[in-house]
Amino acid sequence: MSKVLENLLYSKSHEWCLVEGGVAKVGITDYAQDSLGTVVYLEVGEPGDEVKQFEEFGAVESVKAASDLLAPVSGEIIEVNEEVLDNPELLNSDPYGSWIVKIKLSDEKELDNLLDANGYREIVE
Amino acid sequence: MKKTILYDEHCRRGARMVEFAGYLMPLVYTGIAEEHAAVRESSGLFDVSHMGEIRIRGKDANRFVNHLLTCLVPEDGKGRMFYGFLLDDDGGVVDDLMVYVFDGDDYLLVVNAANKDKDFAWINSHKGAFEVSVSDESDLFSQLALQGPLSREVLGRLTDYPLDELKLFGFDHFRIAGKEFMVSRSGYTGEDGFEIYGSNADILALFRELAEEPEVSLCGLGCRDTLRFEAAMPLYGHEIGPEINPLAAGLGFAVNLEKDFIGSEALKKIKAEGPKERIVALELKDRGIAREGYEVVADGETIGRITTGYLLPGRETALAFALVRAEFSEIGTEVAVRIRRNLVPAVVRNRKFLKKKYIR
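Keep in mind it's a predicted model, so treat the numbers as computed, not measured.

Rules used throughout
Along every chain, residues carry numbers that run from 1 in the direction the sequence is written. Chains and ligands are labelled by the order in which they are written, letters from A for the one and numbers from 1 for the other. Selection of residues for local features in this predicted model requires a pLDDT of at least 70, selection of side-chain atom pairs for listing and counting requires 80 or more, and totals for whole chains, interfaces and linings are taken over all residues. Based on all heavy atoms of the structure, the side-chain values leave hydrogens and waters out of the count. Secondary structure counts use DSSP, requiring at least four H or I residues in a row for a helix and at least two E residues in a row for a strand, with both numbered from the N terminus. Burial here depends on accessible area, computed with a 1.4 Å probe over protein chains only, as a share of the maximum for the residue type. Under 20% is buried, over 50% is exposed, and the range in between is partly exposed. The contact criterion used is simple: two residues touch if any of their non-hydrogen atoms lie within 4.5 Å. To be clear on the numbers: accessible area is Shrake-Rupley with a 1.4 Å probe, and residue cover counts the displayed protein chains and nothing else. Only four residue types enter the charge count, namely Lys and Arg as positive and Asp and Glu as negative; His and the chain termini do not. Every charge is mapped onto a representative atom, which is NZ of Lys, CZ of Arg, CG of Asp or CD of Glu. Joining two parts hides part of their accessible area as seen by a 1.4 Å probe, and the buried area is that hidden amount summed over both. By definition, a salt bridge exists where a carboxyl oxygen of Asp or Glu is found within 4 Å of a side-chain nitrogen of Lys or Arg. Strands were regarded as paired on the criterion that DSSP finds at least two bridges between them. Helix axes use the C-alpha atoms of the stretch in contact, all axes being lines fitted to C-alpha atoms, and the angles between their N-to-C directions lie in the range 0 to 180 degrees. For classification purposes, an angle smaller than 35 degrees is called roughly parallel, one larger than 145 roughly antiparallel, one from 65 to 115 roughly perpendicular, and anything else oblique. For any pair of crossing helices, the crossing counts as left-handed if the nearer helix is rotated counterclockwise from the farther one by less than a right angle, and right-handed if it is rotated clockwise. Patch building starts from residues that exceed 30% relative accessible area and form no salt bridge, then joins like charges within 9 Å and nonpolar side chains (Val, Leu, Ile, Met, Phe, Trp, Tyr) within 5 Å. Note: domain ranges come from an automatic or database domain assignment. The term nonpolar core refers to a set of buried residues drawn from Ala, Val, Leu, Ile, Met, Phe, Trp, Tyr and Cys, joined through side-chain atoms within 4.5 Å.

Observations concerning the overall build of chain A
If you tally the helices and strands in chain A, you get four helices and nine strands. Along the chain direction, N to C, the helices and strands of chain A fall in the order β-β-β-α-β-β-β-β-β-α-α-β-α. Viewed in the frame of its principal axes, chain A has a C-alpha envelope of about 35 × 35 × 20 Å. Residue burial in chain A is summarised as follows: out of 125 residues, 52% are buried. Partitioning the intrachain contacts of chain A with sequence separation of at least 6 by distance along the chain shows that 63% fall at a separation of at least 24. Carbon and sulfur atoms make up 44% of the accessible area of chain A, which amounts to about 5,900 Å² in all. If the 9 positive side-chain charges of chain A are averaged to one point and the 27 negative ones to another, these points end up 4 Å apart.

Laid out in structure tokens, this is it:
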């Protein structure tokens, strides 16, 4: 059974986000890391890049395949987690502790398009 | 959807199952990287019961298999196996396969699961005046592959047969754990190992026995592909296929142009003119993984595409096979691979990703 945390918002494509002060930390869910298997490579844009909700902002790759990362919110990437970039297997060992990018939200109303923990639990169970 | 006799074992032992060639097969047990390492360092056990088996028997069987296959299959080759291709008239690959010589008038073709029905129809359609019988025996056999440097030691515990007398591409029939099997010293990993054929019930019993051996890891199709790739072995539909002939793929060792076979005229012409495209090995010079289908670029234009690519366990740089225009196939040629938004530099290199340790 994969873990779903109460305080996060989720996309159907298995990204999580934690919003504080207009900035979203974004990562992949426990379900996502378990489905992928060991993550061997992570690629994301750079600070300053604009991303759109539910559009690709990078990719996460297991030995077997590459999967797109979709931004749960629109906005500007303001920080990339270099530690996770250099050690992508952290996404497996601690998916909710390993944010990938911080995005400065351009439209808080978009958060209504995301799932809460209960809603996300329904699609992964 | 078909299941092998081992389906329940795979599920009970925690494999992630996936559809492959019409069968539900284990993709991964514990992790592709762990299973890959187990085969390189110890021993891995694979269910390969989905493979197709086609038997060709009769007075003209030797002439017929030599008419069908690119490799020379000797009439007195009993107990040996050979790698070859079925080609179409243009030299395109219908399938690649192993042929086991049971006797001068009796051969077993072990073919790709996804191609089995096509192959069977193809072989029958070329029978002509050859006095042979062709039968699909795929449902009679199940098959295991035990691969890796400790496989000989593991198998030796369960049989009295002198395994050291069985060399690469040799096979025999003998008892393991009290049941009769056909065993070849062969595989698809680049390691020493065995491919074991038996009745469905006997293979189920043997799988359970081998799975208990401490050196043995259960393996899925995920690492089967990374292992064969690292060993520079082709996979049908990737490095060979209707549009990629054996010479373009660099597999001329399995083609004997001194005999006539279906497609031999076309191959002679291709050999004389040189293939227009070639399969090359690439090593990426920067971060990124070249995946199947990605474009290969040189001088600002697309000159080919990736056929298989991985960042293999334990390696720093990604490796790939690509089909490129022949003028870009020299070792040392600098190209680039389009990975999402980026052009990642890569260089054509030799195919020796792995030092093989076969028992010859």
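Picking up after the structure, the text goes on.
A look at helix 2 (residues 32–41) of chain B
Along helix 2 of chain B, the residues classified as buried are Ile32(B), Glu35(B), His36(B), Ala38(B), Val39(B) and Arg40(B). Looking at the buried residues of helix 2 of chain B, the elements they touch are strand 3 (23–28), strand 4 (43–47), strand 10 (142–147), strand 14 (216–218) and helix 7 (221–230) of chain B.

Some remarks on the interface of chain B and chain A
Many analyses report the size of an interface as the accessible area lost when the parts associate. Contacts between the two partners involve 16 residues from chain B, matched on the other side by 18 residues from chain A. Taken as a group, Arg287(B), Arg291(B) and Arg340(B) account for 38% of the area that chain B buries against chain A, more than any other trio of residues on that side. Inspection of the region where chain B meets chain A yields five salt bridges. The shortest N-O distance in the salt bridge between Glu61(A) and Arg291(B) comes to 2.8 Å.

Quick notes on the pairing of strand 2 (residues 15–20) of chain A
On a regular strand, one side chain projects to one face of the sheet and the next to the other, so that they alternate. Residue and element names in this part refer to chain A. Pairing of strand 1 (residues 9–10) with strand 2, which is carried by two bridges, proceeds in the antiparallel orientation. Its bridge partner being in strand 2, leucine 9 is matched across the sheet by cysteine 17. Between the end of strand 1 and the start of strand 2, which pair antiparallel, lie four residues, with histidine 14 showing a positive phi angle near 75 degrees. Alignment of strand 2 against strand 3 (residues 23–28), held across six bridges, turns out to be antiparallel. By the bridge assignment, glutamate 15 is partnered in strand 3 with isoleucine 28. Between strand 2 and strand 3, which pair antiparallel one after the other, the connecting turn spans two residues, and glycine 21 there sits at a positive phi close to 55 degrees.

A look at the packing of helix 2 of chain B against helix 7 of chain B
Residues and elements named next belong to chain B. Across the interface, helix 2 lies against helix 7 with an axial gap of 9 Å and an inter-helix angle of 55 degrees. Comparing the axis directions of helix 2 and helix 7 gives the class oblique. The way helix 2 lies across helix 7 gives a crossing that is right-handed. Residues Ile32, Glu35, His36, Val39 and Arg40 of helix 2 lie in contact with helix 7, whose contacting residues are Gly222, Cys223, Thr226, Leu227 and Glu230.

Looking at the sheet that holds strand 4 (residues 39–44) of chain A
All names here are of chain A. Strand order in this open sheet of three strands is 4-6-7, and the pairing throughout is antiparallel. Two strands in the sheet have a free side with no partner beyond their single neighbour: strand 4 and strand 7 (66–70). Direction aside, the axes of adjacent strands within the sheet are offset by 25 degrees on average. Sheet topology places strand 4 next to strand 6 (residues 56–62); five bridges connect them, and they run antiparallel. Considered in strand 6, the bridge of leucine 42 is made with valine 60.

Points about the sheet that holds strand 20 (residues 342–349) of chain B
Residue and element names in this part refer to chain B. Around the barrel, which closes on itself, the six strands sit in the order 15-18-17-16-19-20 with antiparallel pairing between neighbours. Each neighbouring strand pair of the sheet contributes to a mean axis angle of 45 degrees, computed without reference to strand direction. Note that strand 16 (residues 295–298) and strand 19 (residues 334–339) share two bridges and pair antiparallel. What sits directly across from valine 297, in strand 19, is alanine 336.

Topic: a negative patch on the surface
Residues and elements named next belong to chain B. Residues Asp89, Asp90, Glu243 and Glu277 make up a contiguous surface patch of negative charge. Its place among the elements puts glutamate 243 in the loop between helix 7 and helix 8 (264–273). The exposure class assigned to glutamate 243 is exposed, which follows from its relative accessible area of 71%.

Some words on the pattern of salt bridges
Proximity of charged atoms lets side chains of opposite charge pair with each other. Residues and elements named next belong to chain B. Counted by the stated rule, this structure contains 36 salt bridges over all chains. Glutamate 212 serves as the salt-bridge partner of arginine 13, at 3.9 Å between the closest nitrogen and oxygen. Of the two residues, arginine 13 is situated in the loop between helix 1 (7–12) and strand 2 (16–20) and glutamate 212 in the loop between helix 6 (200–211) and strand 14; the sequence distance between them amounts to 199 residues. Note on arginine 13: relative accessible area 25%, which makes it partly exposed. Two residues, arginine 152 and aspartate 164, come together in a salt bridge whose shortest N-O distance is 2.6 Å. Of this pair, arginine 152 sits in helix 5 (residues 151–156) while aspartate 164 sits in the loop between helix 5 and strand 11 (171–176), placing them twelve residues apart in sequence.

Considerations on the domain arrangement of chain B
Domains assigned within chain B are domain 1 (2–49 + 140–230), domain 2 (52–136) and domain 3 (276–360). Each of domain 2 of chain B and domain 3 of chain B was reduced to a C-alpha centroid, and the two centroids are 33 Å apart.

Some details on the side chain of Ser62(A)
Mapping Ser62(A) onto the fold places it in strand 6. Residue Ser62(A) is classed as buried on the basis of its relative accessible area, which comes to 5%. Once residues within four sequence positions are removed from consideration, Ser62(A) is found in contact with Leu36(A), Gly37(A), Thr38(A), Val39(A), Val40(A) and Arg291(B).

Let's talk about the nonpolar core
Nonpolar side chains in soluble globular proteins tend to end up buried together. Formed by 47 residues in total, the largest nonpolar core has its most connected members in Phe46(B), Phe85(B), Tyr100(B) and Ile240(B). Of all the secondary structure elements, the ones that give two or more residues to this core are helix 2, strand 6 (81–87), strand 7 (93–103), strand 8 (106–111), helix 7, helix 8, strand 15 (277–284) and strand 18 (319–325) of chain B. Sequence-distant contacts of Phe46(B), defined by excluding residues within four places in its chain, comprise Val39(B), Gln143(B), Leu144(B), Ala145(B), Gln147(B), Thr189(B), Cys219(B), Gly220(B), Cys223(B), Arg224(B) and Leu227(B). Core analysis: the second largest hydrophobic core is formed by 26 residues, Ala24(A), Val26(A), Val73(A) and Leu105(A) among them.

Overview of the environment of Leu257(B)
Residues and elements named next belong to chain B. Turning to its location among the elements, leucine 257 is positioned in the loop between helix 7 and helix 8. Expressed as a C-alpha distance, the spacing of leucine 257 and leucine 72, which sit 185 residues apart in the sequence, is 9.3 Å. Not counting the four nearest positions on each side in its chain, leucine 257 is found in contact with Ser264, Leu267, Lys268 and Lys271.

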